[in-house]
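Structural description and commentary
Chain by chain, the residues run as shown.
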Amino acid sequence: MKFTRAIVRPPSATFTDGLTTAGLGPPDLPRALAQHAAYVAALEACGLAVMALPPDDGFPDSTFVEDTAVLARGLAVLCRPGAPSRAGEVEAVRPAIDAFFPSPAAIEAPGTVDGGDVCEAGDHVFIGVSERTNGEGARQLAALLATRGLGSTLVDVRGIPGLLHLKSGIAWLGGRTLALTEPFVSRPEFAGWSPLRVPPEESYAANAVLVNGRVLVATGFPRFEAAVAALGLPTLPLDMSEFRKLDGGLSCLSLRF
Ligand code: CIR
């Protein structure tokens, strides 16, 4: 899957009020802005044209733009985020989506979907059922994806300690290869796939992003980075410390299409 564009939104002045369970203390806004700029530069280095939306003080978590939409095979689906404080983020991102995807579909109530629960893996999509994405939302999304020839597997991730979204614990690395953290390694949903096991002490690194043959990885996880490089995939390490403090990772910071 070749990406040509990305939509991002830099952290706003209210970023430090974002939702978190990480227990890592409050993020530092200037540092987060510098890390975000490096992230954008990395996407550009992968050949993407990046559209940066203005920072939005109304929504502290709005830099995690991935959660607002699912973009796949020319299909755009506007999400219905599971956290009440994030509901308004979808309307705020909608004009940017409309510019590229005429008549996007939408998850309807009572369904909820956060984009962070949606892992595209070539022709197949894994959809996490989490505290944010409910079964109804996951089924609506699966039906929409099927109209584009994409099969889906629902993966219940509720109760996995410290895991916000499915993609907090898995990533697609091309072909049949999936980076999987320990709770996912022996799950039947991934039978037939080739696992790259993420060392337990490096589980945060699982939220890596394959972009046009390169892999964005968080800095500070040498075993995982070496394992990705051993697959023949060049890595682009990025410091994610301030986003991690709000349970965010590399995938959350952009919509890629
Ligand atoms: C939240 O709890 O919604 C944000 N603080 C973090 C969202 C991270 N998004 C993602 O993994 N796709």
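Summarised in this report is the structure supplied together with it. (Residues numbered from 1 in each chain as written. Predicted model: local features only at pLDDT ≥ 70, side-chain atom pairs only at ≥ 80, totals over all residues. Heavy atoms only, no water.)

This brings us to the sheet that holds strand β3 (residues 69–72). In a beta sheet, neighbouring strands are held together by backbone hydrogen bonds and run either parallel or antiparallel to one another. The mixed open sheet is built from 3 strands, whose spatial order is β3-β4-β5. Each end of this open sheet is capped by a strand with a single partner; those strands are β3 and β5 (105–106). As paired strands, β3 and strand β4 (residues 75–78) are joined by 4 bridges and run antiparallel to one another. Residue L71 lies in a different strand from β4, and its bridge partner there is A76. The sheet contacts of helix α2 (residues 89–100) involve β3 and β4, and relative to β4 the element is tilted by about 165°. (Pairing = 2+ DSSP bridges. Helix = DSSP H or I, 4+ residues; strand = E, 2+ residues; numbered from the N terminus. Contact = heavy atoms within 4.5 Å. Axes fitted to C-alpha atoms, helices over the stretch in contact; angles between N-to-C directions.)

Turning our attention to the nonpolar core. F126, F184, L216 and F224 are the most contacted members of the largest nonpolar core, which totals 55 residues. Ranked by the residues each element gives to this core, the list is headed by helix α1 (residues 29–45), at 5 residues. Those residues in contact with F224, other than ones at most four positions away along the chain, are A179, L196, V198, E202, A205, A208 and V217. If you look at the next biggest cluster of nonpolar residues, it comprises 16 residues, including I107, L141, L145 and L150. (Core = buried A, V, L, I, M, F, W, Y, C linked by side-chain atoms within 4.5 Å. Buried < 20%, exposed > 50% of the residue type's maximum accessible area, 1.4 Å probe, protein only.)

Moving on: the sheet that holds strand β7 (residues 124–129). Strand order across the open sheet formed by 3 strands is β6-β7-β8, with mixed pairing between neighbours. The sheet is open, and its two borders are formed by β6 (118–121) and β8 (151–156), each paired with just one other strand. Ignoring strand direction, the axes of neighbouring strands in this sheet form an average angle of 20°. With 6 bridges joining them, β7 and β8 adopt parallel strand pairing. If you follow H124 over to β8, its bridge partner there is G151.

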